[in-house]
Amino acid sequence: MTPAEVKFLNNIAAELKKQPGFLIREEVFFPLRYDKNRPVTVQDRQIAEEWMPKDSRLGKGDYATSIGTTSQNVRRAITNQYKEEMEKDGVNVALLLNGQQGQRGTWREAYSWLWNYKYLRWLEAHSWEILQSKAKSPANWLQFLTEEEMVAAQRKGLIIPPPPPSVKKVTPTVPANQSLWMVIDLALQNYQLLLLSGSQQKQCLLCPSSAYAPNSIIEKSPILLPQKHSWAAQDENKQNFMFEEAGKEEFLAIALEKPLSLPWLTPHEEEALPEWNAERIKELFDELEQQENWKVFYQSFEVQF
């Protein structure tokens with residue numbers, strides 16, 4: 001399983017411990033049975049005979065005789081813990097609890113719900129923190145400049161100043177209700193840049209996007225957003241980036257040595273700012289697991305009047 005999938009299963013296991021009947025045997029059996037990569041053709045008895053005795057919390061013993069009860073206890077714990085969610089997703093909870101072997105009421109129904117519904121919601125809720133935990137960010141890799149600052153910087157050849165000496169890191173501020181340029185300084189030529197914006201309201205993709213960055217390849221650093229042929233660059237009011245509310249704005253960048261060609265990463269007018277939703281997050285995480293050389297960067301700002 002991927003690190004994100006392992007973390008998800010561990011979180012579910014921790015929640016199931018709150019349910020009566022979820023004891024040490026159930027605790028050992030659950031991740032073995034509901035492992036994303038374990039073929040569904042593997043029988044409960046095989047798990048009880050081959051893998052459960054290897055867990056130091058149990059040791060050697062006969063776990064196969066009572067494996068039906070153990071499996072049912074796990075299904076009951078899942079159902080009791082998430083009954084409302086499962087019913088909203090169309091799961092027949094009564095059949096899940098009372099079904100016989102060979103019916104959809106066996107563990108496969110719970111397995112399918114966990115990975116096809118619950119995991120997607122969990123991943124959407126936790127993707128930002130998972131990526132942020134991997135971030136190794138140089139100072140000033142992302143900045144916002146006013147029009148006046150931008151003109152002055154261009155006269156100097158757009159050299160990004162070094163960070164001021166400080167004992168502790170201070171969250172930089174940006175002014176509200178002002179037109180701002182975004183400057184991204186990452187020395188990763190020909191890498192693909194995926195830039196995410198996060199606030200209390202929503203999360204969305206800034207790059208690539210038809211709104212700000214049709215070209216997601218870092219051809220030369222630093223790069224400016226909005227890009228020349230973006231919607232924002234053609235705006236008659238020349239607002240570029242503008243924050244209208246005070247508060248925290250966060251940004252995550254993923255730089256990939258091997259660019260991805262996922263359909264939603266191709267900018268188009270119908271979706272000026274691509275939505276950061278569960279299906280796309282899962283698709284991206286699956287792709288990242290296939291690559292070795294990708295990097296994450298994080299920066300936050302306080303918007304002030």
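Let me begin by describing the structure that accompanies this report.

Quick notes on the rules
- Residues numbered from 1 in each chain as written.
- Predicted model: local features only at pLDDT ≥ 70, side-chain atom pairs only at ≥ 80, totals over all residues.
- Heavy atoms only, no water.
- Helix = DSSP H or I, 4+ residues; strand = E, 2+ residues; numbered from the N terminus.
- Rg over C-alpha atoms; globule rule 2.2 N^0.38 Å.
- Buried < 20%, exposed > 50% of the residue type's maximum accessible area, 1.4 Å probe, protein only.
- Contact = heavy atoms within 4.5 Å.
- Areas by Shrake-Rupley, 256 points an atom, 1.4 Å probe, with all protein chains shown as cover.
- Lys, Arg positive; Asp, Glu negative; His and termini not counted.
- Charge placed at Lys NZ, Arg CZ, Asp CG, Glu CD.
- Salt bridge = Lys/Arg side-chain N within 4 Å of Asp/Glu carboxyl O.
- Pairing = 2+ DSSP bridges.
- Axes fitted to C-alpha atoms, helices over the stretch in contact; angles between N-to-C directions.
- Expected span 1.5 Å × (residues − 1).
- Arc of directions from axis to C-beta.
- Parallel < 35°, antiparallel > 145°, perpendicular 65-115°, else oblique.
- Left-handed = near helix turned anticlockwise from the far one by under 90°.
- Nonpolar A, V, L, I, M, F, W, Y, C, P; charged D, E, K, R; others polar.

Per the secondary structure count, the protein chain includes 8 helices and 8 strands. Against the compact-globule benchmark of 19 Å for 305 residues, the protein chain has a radius of gyration of 25 Å, which places it well outside the compact range. For the protein chain, the spread of C-alpha atoms along the principal axes amounts to about 80 × 40 × 35 Å. Counting every position in the protein chain, which comprises 305 residues, the buried fraction comes to 47%. For the protein chain, restricting intrachain contacts to residue pairs at least 6 apart in sequence, the fraction spanning at least 24 positions comes to 73%. Per element, the accessible surface of the protein chain, about 16600 Å² overall, is 47% carbon and sulfur. One way to put it: in the protein chain the 34 positive side-chain charges average out to a point 7 Å from where the 40 negative ones average out.

All right, on to the pattern of salt bridges then. Applying the stated criterion across every chain, the model contains 12 salt bridges. For Lys248, the salt bridge identified is with Glu250, shortest N-O distance 4.0 Å. Given the relative accessible area of 44%, Lys248 is considered partly exposed. On the accessibility criterion, Glu250 (19% relative accessible area) is buried.

The next point concerns the sheet that holds strand 1 (residues 142–146). If you walk across this open sheet you meet the 3 strands as 1-3-6, and the pairing is antiparallel. Bordering the open sheet on either side are strand 1 and strand 6 (223–225), each of which pairs with just one other strand. Taken pair by pair, the neighbouring strands of this sheet meet at an average axis angle of 30 degrees, ignoring direction. Two elements, strand 3 (residues 180–184) and strand 6, share 3 bridges in a ladder whose sense is antiparallel. If you follow Met182 over to strand 6, its bridge partner there is Leu225.

Further remarks concern helix 8 (residues 278–289). Given a rise of 1.5 Å per residue, 12 residues ought to cover 16 Å, and the 17 Å separating the end C-alpha atoms of helix 8 matches this to within 8%. Considered for burial, the residues of helix 8 that qualify are Ala278, Arg280, Ile281, Leu284, Phe285 and Leu288. What you see down the axis of helix 8 is that its buried residues fit within an arc of 160 degrees, all on one side. Against the buried residues of helix 8 lie helix 1 (3–16), helix 6 (107–132), strand 4 (192–198), strand 7 (247–256) and strand 8 (294–304).

So, on to the packing of helix 4 (residues 67–88) against helix 6. Between two packed helices, what matters for the description is the angle formed by their axes and the separation of those axes. The N-to-C vectors of helix 4 and helix 6 enclose an angle of 40 degrees; their axes lie 11 Å apart at closest approach. Here helix 4 lies oblique to helix 6, going by the angle between them. Crossing of helix 4 against helix 6: the hand is left-handed. Side by side, helix 4 and helix 6 meet where Ser71, Arg75, Ile78, Tyr82, Glu85 and Met86 of the first sit next to Trp107, Ala110, Trp113, Leu114, Lys118 and Arg121 of the second. In the contact of helix 4 with helix 6, the residues fall into 7 nonpolar, 1 polar and 4 charged.

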